[in-house]
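# Secondary and tertiary structure notes
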Amino acid sequence: MDLDAYAEVHRDRWQELDRLARARHTTGADVDELVSGYQAAATDLARIRGAAPRTATGDRLSLTLYRARLRFTGTPVDPLTAVALFFTRHLPAALYRIRWVTIWVALATAAIGAIVAVWITTTPGATATFGTPEALRQYATQDFVDYYSDHGLGAFTAQVWTNNAYIAATMVAFGITGVFVPFSIMQNAVGLGVSAAIMHSQGRLADFFLYIAPHGQLELYSVFLAGGAGLMIFWSWVAPGPHRTRAQALAEDGRALITIAVGLTLTLLLSGLVEGVVTRQDWPWPVKIGIGTVALAAVLAYQWVLGGRAYRAGERGDLDEFERGTSALVAG
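Everything numeric in this text was worked out from a predicted model, so none of it was measured. (Residues numbered from 1 in each chain as written. Predicted model: local features only at pLDDT ≥ 70, side-chain atom pairs only at ≥ 80, totals over all residues. Heavy atoms only, no water.)

## Some remarks on the overall build of the chain
Formally: In DSSP terms, a helix is any run of H or I states spanning at least four residues, a strand is any run of E spanning at least two, and both are numbered starting from the N terminus. A radius of gyration in this sense is built from C-alpha atoms; the matching globule rule multiplies 2.2 Å by the number of residues raised to 0.38.
Of regular secondary structure, the chain possesses 13 helices and 0 strands. Along the chain, from the amino end to the carboxyl end, the secondary structure elements read α-α-α-α-α-α-α-α-α-α-α-α-α. Whereas a compact globule of 332 residues would reach a radius of gyration of roughly 20 Å, the chain reaches 26 Å, over 25% beyond that. Overall size of the chain, expressed as C-alpha extent along the three principal axes, is 85 × 40 × 25 Å.

Shown next, in the form of structure tokens:
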């Protein structure tokens, strides 16, 4: 199908439908024309989507149909409806879209961290480059553990949350460069590898995993999500597909995936609470690690189960419908 020619033939009818959908006052004849025009335009949109799932022409016609539908179905009843849609459809669908990229980011981080730790551990004199024997001993026996209890609970939780949220937001926002996310992944993985190697050199490798496990499961996964979103935004303009320009692909996917930054502020708040409240407690390690595992499992279910349902129902995490709904609430 030649979409440009098809749009040119039907443009006048679509514009008339849009005019009727926007009109404040309509007669009985206008309503009849609105309904018939809506039915015809819906058929047109189905044909366009059949030829190309996402096009600028199809998106504009979809918005026109949305406005027309509101004239005879009404607007959402309250702002809570729009917020509920965001958290039950838009956000989980956006997270679901990056599920496999997130897994690859996690595997890359684990591989780099393990390689760095093994290399430092097995290379004579490598550990000594990170400090004197006294400094390494203090880090492993005091600093690493005391880090979680030296500060007040509220201040420590807030500090951890804001710092991690900033890192995650920058990974999503600057993912478009194609460089920032790999650099951040490398930096994070190397830091983990170095810490593990130092703890191992002092016979405290078990403490490394025990103190990281409660909060680190969700905290690291949140960072992986941020990296996945950033890489997807980068890839959207590298390979936009046959039916979208690079600008269209970047605008559409960027608007959808940037919403993940909103979700990450909440997952990182949860991991910050676990780090600030749970990790420092003198509880059995299975209990503390179990709490962190439950928190991670909840986020995974939100992404893979709820997100999968929303995605298969046609949701792509795009904020257009969310914004239209809130705009209608304001106007209504």
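## A look at the pattern of salt bridges
As a reminder of what qualifies: Definition used for salt bridges: Asp or Glu carboxyl oxygen within 4 Å of a side-chain nitrogen of Lys or Arg.
Evaluated as defined, the whole model comprises 7 salt bridges. A salt bridge links Glu8 to Arg11; its shortest N-O distance comes to 3.4 Å. Of this pair, Glu8 and Arg11 both sit in helix 1 (residues 3-22), 3 residues apart, which is roughly one turn of that helix. A salt bridge links Arg204 to Asp207; its shortest N-O distance comes to 3.2 Å. A single network of salt bridges, built from pairs that share partners, joins Asp18, Arg22 and Arg67.

## With respect to the packing of aromatic side chains
The line we're drawing: When two rings of Phe, Tyr or Trp (its six-membered ring) have centres within 6.5 Å they constitute a pair, described as stacked for plane angles under 30 degrees, edge-to-face for angles over 60, and tilted for the intermediate range. Only protein chains enter the calculation, and the probe is 1.4 Å; a residue is then buried if its accessible area is under 20% of its type maximum, exposed if over 50%, and partly exposed in between. Criterion for a charge above a ring: Lys NZ or Arg CZ within 6 Å of the ring centre, and within 35 degrees of the ring normal.
The full count for this structure, using the stated rule, is 10 aromatic pairs. Aromatic side chains Tyr211 and Trp285 sit 4.8 Å apart centroid to centroid with 75° between the ring planes, which places their arrangement in the edge-to-face category. Remark: Trp285 occurs in helix 12 (residues 285-312) and Tyr211 occurs in helix 9 (residues 205-238); sequence separation between them is 74 residues. A relative accessible area of 16% means that Tyr211 is categorised as buried. You can call Trp285 partly exposed: its relative accessible area is 22%. Here Phe234 and Trp237 contribute two aromatic rings whose centre-to-centre distance is 5.7 Å and whose plane-to-plane angle is 90°, an arrangement assigned as edge-to-face. In this pair, Phe234 and Trp237 are both assigned in helix 9, 3 residues apart and thus about one turn of the helix distant. Three or more aromatic residues joined by ring pairs make a cluster, and in this case those are Tyr139, Phe144, Phe208 and Phe209. Lying over the aromatic face of Tyr96, Arg99 brings its terminal NZ or CZ to 3.8 Å of the ring centre.

## Points about the side chain of Ser195
Short version of the rule: Throughout, a contact is declared for two residues whenever any of their heavy atoms are within 4.5 Å.
Within the secondary structure, Ser195 sits in helix 8 (residues 180-201). Those residues in contact with Ser195 that lie beyond four places of it in its chain are Tyr139 and Phe208.

## Describing the nonpolar core
To keep it simple, the criterion reads: Only buried residues count toward a nonpolar core, which is a set of Ala, Val, Leu, Ile, Met, Phe, Trp, Tyr and Cys residues joined through side-chain atoms within 4.5 Å.
Ranked by internal contacts, the top residues of the largest apolar core, which has 28 residues, are Ile98, Met171, Val172, Leu225, Ala226, Ile260 and Leu264. Contributions of two or more residues to this core are made by helix 4 (79-97), helix 5 (99-122), helix 7 (153-173), helix 8, helix 9, helix 11 (260-278) and helix 12. When residues of this core are assigned to their parent elements, the largest contribution, 8 residues, is made by helix 9. In this structure, Met171 is in contact with Phe180, Val181, Ser184, Ile185, Val223, Ala226, Gly227 and Gly230, ignoring residues within four places of it in sequence. Grouped together as the second largest cluster of nonpolar side chains are 14 residues, Leu17, Leu20, Tyr38 and Leu45 included.

## Details of a nonpolar patch on the surface
Stated precisely, the cut-off is as follows: Each patch is assembled from residues with relative accessible area greater than 30% and no salt bridge, linking like charges that lie within 9 Å and nonpolar side chains (Val, Leu, Ile, Met, Phe, Trp, Tyr) that lie within 5 Å. For every accessible area listed, the method is Shrake-Rupley and the probe measures 1.4 Å; residues are considered covered only by the protein chains on display.
Residues Trp100, Ile103, Trp104 and Leu107 make up a contiguous nonpolar surface patch of roughly 480 Å² in combined accessible area. Relative to the assigned elements, Ile103 resides in helix 5.

## Describing the UniProt feature "transmembrane region" (unreviewed entry) in the chain
We count it as follows: UniProt positions are given in the numbering used here, feature names are shortened, and annotations may be inferred rather than shown by experiment.
The feature "transmembrane region" (unreviewed entry), as given by UniProt, occupies residues 98-120, 166-199, 220-238, 258-278 and 285-305 in the numbering adopted here. Across residues 220-238, the secondary structure splits into 100% helix and 0% strand, with the terminal C-alpha atoms separated by 27 Å. Secondary structure within residues 258-278 divides into 90% helix and 0% strand; the distance between the first and last C-alpha atoms comes to 30 Å.

## Observations concerning helix 12
Put simply, the test is: The span you would expect from a helix comes to 1.5 Å times its residue count less one.
In this model, helix 12 (28 residues) spans 39 Å end to end at C-alpha, consistent with the 40 Å of a helix rising 1.5 Å per residue. Listing the buried residues of helix 12 in full gives Lys288, Gly292, Ala295, Leu296, Val299, Gln303, Gly307, Gly308 and Ala310. Phi turns positive, to about 110°, at Gly314, one or two residues after helix 12.

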